[in-house]
Amino acid sequence: MSTPPRDERDYFERIYTVTTQVPPGQVATYGDIAVIVGDGCDARVVGHALGALGARADSVPWQRVINRTGGISTSGYGQREALEAEGVTFDERDHVRMASHHWTGPSETWARAHGFQPLPPREVKTPDAQLKLF
DNA sequence: CGCATGACGCCTA
DNA sequence: GTAGGCGCCATGC
C-alpha cells in the first residue's frame, strides 16, 4: 500500500479510542498514544486532541495520558486527583511511578482489529545493556 | 495560503 | 539533575 489514505484525518477519534483503552490505575504518554495511532500522528497532536475533548472529557479517560517525564502537563483539571483515585501513585517530584503504572499498550489482537499498531517493547534499563553497544 | 499557537519530545550545555 | 533551544505535526485565524 502506498500512502495509506485512511478514511479521513480522524486523528481525534482514533486518539480518543486508544486513550479509552488505557485501563484504570495505569497511564500512557502522549508519545505512546501517537505511536499506537500511527499514520503520522505525533505527541503534539495527541495533546491537541485531548485538549479539544470538551464535553466528551467524561467519556474519555484523558487523565491517564501524561508526558514522557511522567509529569502532569495539565493544570486546573484535577488530573492528579483523578489518577490517585484510580490507584496511581506519585513520587515526591509529582511524577507518576512509571515503573509501576506505565501502560504496555493495547493487545495485538485489539490493535489489529481496529487498525492500530501495538506499542513496541520499551528497553529495560539494565547496567549491562549500557555496555552492549552492538 | 501563510503565520501563530499548543495538555510534546529529544538533544545539547 | 536542571535549564534552554529546536523540531515535530495539526488546527485556527
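Residues numbered from 1 in each chain as written. Chains lettered and ligands numbered in written order. Predicted model: local features only at pLDDT ≥ 70, side-chain atom pairs only at ≥ 80, totals over all residues. Heavy atoms only, no water.

**Considering the protein's contact with DNA strand B**
Moving on, step 1. Neighbouring residues of DNA strand B: 13 residues in total, closest Arg44, Trp62, Asn67, Arg68 and Ser73.
Moving on, step 2. Sugar plus phosphate, as a fraction of atoms of DNA strand B within 4 Å of the protein: 44%.
Moving on, step 3. Arg44 is positioned such that a nitrogen or oxygen atom in its side chain is 3.0 Å from a base nitrogen of DNA strand B.
Moving on, step 4. When the residues that make up the surface near DNA strand B are grouped by side-chain class, the tally is 4 nonpolar, 7 polar and 2 charged. (Near = heavy atom within 4 Å. Polar contact = N/O pair within 3.5 Å; in protein donor to acceptor, adjacent residues only side chain to side chain. Nonpolar A, V, L, I, M, F, W, Y, C, P; charged D, E, K, R; others polar.)

**Quick notes on the protein's contact with DNA strand C**
Moving on, step 1. Near DNA strand C, the surroundings consist of 7 residues, among which Tyr11, Gly40, Asp42, Val45 and His48 are the closest.
Moving on, step 2. Sugar plus phosphate: this is where 91% of the atoms of DNA strand C within 4 Å of the protein reside.
Moving on, step 3. Within the side chain of Tyr11, one N or O atom sits 3.5 Å away from a phosphate oxygen of DNA strand C.
Moving on, step 4. Of all the secondary-structure elements, those providing two or more residues to the surface near DNA strand C are α1 (11–20) and α3 (43–51).
Moving on, step 5. Grouping the constituent residues of the surface near DNA strand C by class yields 3 nonpolar, 2 polar and 2 charged. (Helix = DSSP H or I, 4+ residues; strand = E, 2+ residues; numbered from the N terminus.)

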